[in-house]
Amino acid sequence: KLPENVTIIEVGPRDGLQNEKGFVPTEVKGQFIHALRDSGIREMELTSFVSPKWVPQMADAAEIVSACYDAPGRSIVLAPNKKGIERLEETNCRAVAVFVGVSNTFNKKNINKTTAESMEELRPLIADLKEKGYFVRACISTAWHCPYEGKIPEADTLRLCADFAEAGVDELSVADTIGMAVPTEAHSLFAQLKAIIPGILLTAHFHDTRKLALANILASMQAGIDRFDTSAGGLGGCPFAPGATGNVATEDVVYMLERMGIKTGIALDRLMDAVEIVRPHVSRPIESTYFNMHASA
Ligand code: HMG
Ligand code: MG
């Protein structure tokens, strides 16, 4: 049975822009975020408190939070470590996303620690954040495939997800970092996660590298998932995952779901306005099918 409503978690301002080499002006990022909210988006990743040496695009994270945080719904900011969480605690942000790869090699390249070292660092930080009343999301990278290690054993992903659940997170966002999962793999993992980790928000994060994200979303819904990370304009990609391209485009997902009678609460025409705001500031063409069929010339 398919869901009647789906929650879209917009990741464009964060995943969508982090891989852009040219700095997108802070003001443009703010306009993008406001336009996304105007389209009906109620959950969004705004930015990341990561090292500006590693990801210069996110150097304005504190300014973004102070200019854009207060709004209806849930706004989330990424933090990879203690220092990131300390920076975040100096702001009015109330929802944090930590991120760890199932693959050790990927995790080393992305945050300079093994998966176990990251987990060890994060466990007490998560407990502390929960005590202080924060919403905590954990993004699980390379849940199916890794650009360095290849196919990831399903049992490893299930174990890491269970560890985060035990650590007390509110949400798991399970990610196909390099867009290599197929619908059978998506269905299998989510069906098992639903069974072993009840009572926690489960979200799917598909990159659309091989154009299988929509099929994976359908398969995930069939496994009981009703929350999806998507990125307006199909922008996105992790700077430390070679071959990763954009996240599945919000407009393509909203189009498919609404045509299926599944409500998202998002207005497609307003979403297009949001994409138009960032389009002149990004280096790559907008690849989403919906945008290219409907954008004015
Ligand atoms: P490191 O070099 O090992 O850090 O990097 P360190 O602890 O040794 O510290 C070195 C310096 O960085 C120190 O400064 C620290 O203060 C500073 P110095 O003393 O040299 O002046 N530092 C920081 N500064 C600002 N904010 C911080 C911070 N931490 C340390 N939080 C580190 C380790 C984690 C910082 C680095 O590897 C990093 O920033 N990585 C982030 C990479 C990233 O943003 N990746 C993309 C997001 S994840 C993703 O896209 C995947 C996802 O979409 C799901 C999917 O699709 O798979 C979520
Ligand atoms: Mg991603």
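Residues numbered from 1 in each chain as written. Chains lettered and ligands numbered in written order. Predicted model: local features only at pLDDT ≥ 70, side-chain atom pairs only at ≥ 80, totals over all residues.

## Let's talk about the site of ligand 1
Logical step 1: Residues in contact with ligand 1 amount to 25 residues; listed here are only the nearest, Ser51, Gly84, Ser141, Ala175 and Thr177.
Logical step 2: With 3 residues, the single largest contributor to the shell around ligand 1 is helix H4 (residues 82–89). (Near = placed C-beta within 6 Å. Helix = DSSP H or I, 4+ residues; strand = E, 2+ residues; numbered from the N terminus.)

## Some points on the UniProt feature "domain: Pyruvate carboxyltransferase" (unreviewed entry) in the chain
Logical step 1: The positions that UniProt labels "domain: Pyruvate carboxyltransferase" (unreviewed entry) are, in the present scheme, residues 6–272.
Logical step 2: Taken end to end, residues 6–272 is 43% helix and 18% strand, and its two terminal C-alpha atoms sit 20 Å from one another. (UniProt positions renumbered as here; feature names shortened; annotations may be inferred.)

## Observations regarding the packing of helix H2 (residues 26–38) against helix H11 (residues 268–278)
Between two packed helices, both the angle of their axes relative to each other and the distance between the axes serve to describe the pair.
Logical step 1: One can describe the packing of H2 onto H11 by two numbers: an axis separation of 8 Å at closest approach and a directional angle of 175 degrees. When the axes of H2 and H11 are compared, the pair comes out roughly antiparallel. Contacts between H2 and H11 pair Val28, Gln31, Phe32, Ala35, Leu36 and Asp38 from the former with Arg270, Asp273, Ala274, Ile277 and Val278 from the latter.
Logical step 2: Here the residues of the contact of H2 with H11 are counted per class, giving 7 nonpolar, 1 polar and 3 charged. (Axes fitted to C-alpha atoms, helices over the stretch in contact; angles between N-to-C directions. Parallel < 35°, antiparallel > 145°, perpendicular 65-115°, else oblique. Contact = placed C-beta atoms within 7 Å. Nonpolar A, V, L, I, M, F, W, Y, C, P; charged D, E, K, R; others polar.)

## Topic: the sheet that holds strand S9 (residues 201–206)
Logical step 1: The 8 strands lie next to each other as S1-S2-S3-S4-S5-S8-S9-S10, forming a closed barrel whose pairing is parallel. Strand-to-strand, the axes of this sheet are offset by a mean angle of 25 degrees, without reference to chain direction.
Logical step 2: As paired strands, strand S4 (residues 95–101) and strand S5 (residues 135–141) are joined by 7 bridges and run parallel to one another. Looking at the pairing, Val96 lines up with Val136 of S5.
Logical step 3: The strands touched by helix H3 (residues 61–68) within the sheet are strand S2 (43–48) and strand S3 (74–78), with S2 carrying the most contacts at an inclination of about 145 degrees. (Pairing = 2+ DSSP bridges.)

## Description of helix H6 (residues 115–131)
Logical step 1: With 17 residues, H6 extends 24 Å from end C-alpha to end C-alpha; this agrees with the ideal 24 Å at 1.5 Å per step.
Logical step 2: Remark: the principal bend of H6, roughly 30 degrees, maps to Leu122, with a proline, Pro124, within the next four residues.
Logical step 3: Of the positions making up H6, those classed as buried are Thr115, Ser118, Leu122, Ile126 and Leu129.
Logical step 4: One or two steps after H6, the chain reaches Gly133, where phi turns positive at roughly 90 degrees. (Expected span 1.5 Å × (residues − 1). Bend = angle between axes of the 7 residues up to and from the residue. Buried ≥ 20, exposed ≤ 12 C-beta atoms within 10 Å, placed from the backbone.)

## Considering the pairing of S2
Logical step 1: Counting buried positions over the 6 residues of S2 gives 6, a clear majority of the element.
Logical step 2: Of the pairings in the sheet, the one linking strand S1 (residues 7–10) to S2 comprises 2 bridges and is parallel in character. Across the sheet, the residue bridging to Ile9 is Glu43, located in S2.
Logical step 3: Where S2 lies against S3, 5 bridges are found, and the strand directions are parallel. Pairing of Glu43 across the sheet is with Arg74, part of S3.
Logical step 4: In this region the chain leaves S2, passes through H3 and returns to the parallel neighbour S3; the handedness of that crossover is right-handed. (Right-handed = clockwise from strand over helix to strand, strands pointing away.)

## Topic: the packing of helix H10 (residues 250–259) against H11
Logical step 1: Remark: H10 packs on H11, axes separated minimally by 10 Å, with the N-to-C direction vectors making an angle of 175 degrees. When the interaxial angle is binned, H10 and H11 end up roughly antiparallel. Contacts between H10 and H11 involve Thr250, Glu251, Val254 and Tyr255 from the first element and Leu268, Leu271 and Met272 from the second.
Logical step 2: For the contact of H10 with H11, a count of residues per class yields 5 nonpolar, 1 polar and 1 charged.

## Describing the nonpolar core
Logical step 1: One finds Val77, Val96, Val98 and Ile140 to be the most contacted residues of the largest nonpolar core, which totals 89 residues.
Logical step 2: No other element matches S4, which puts 6 residues into this core.
Logical step 3: Those residues in contact with Val77 that lie beyond four places of it in its chain are Leu46, Thr47, Ser48, Phe49, Ala61, Val65, Leu88, Cys93 and Val96. (Core = buried A, V, L, I, M, F, W, Y, C linked by C-beta atoms within 7 Å.)

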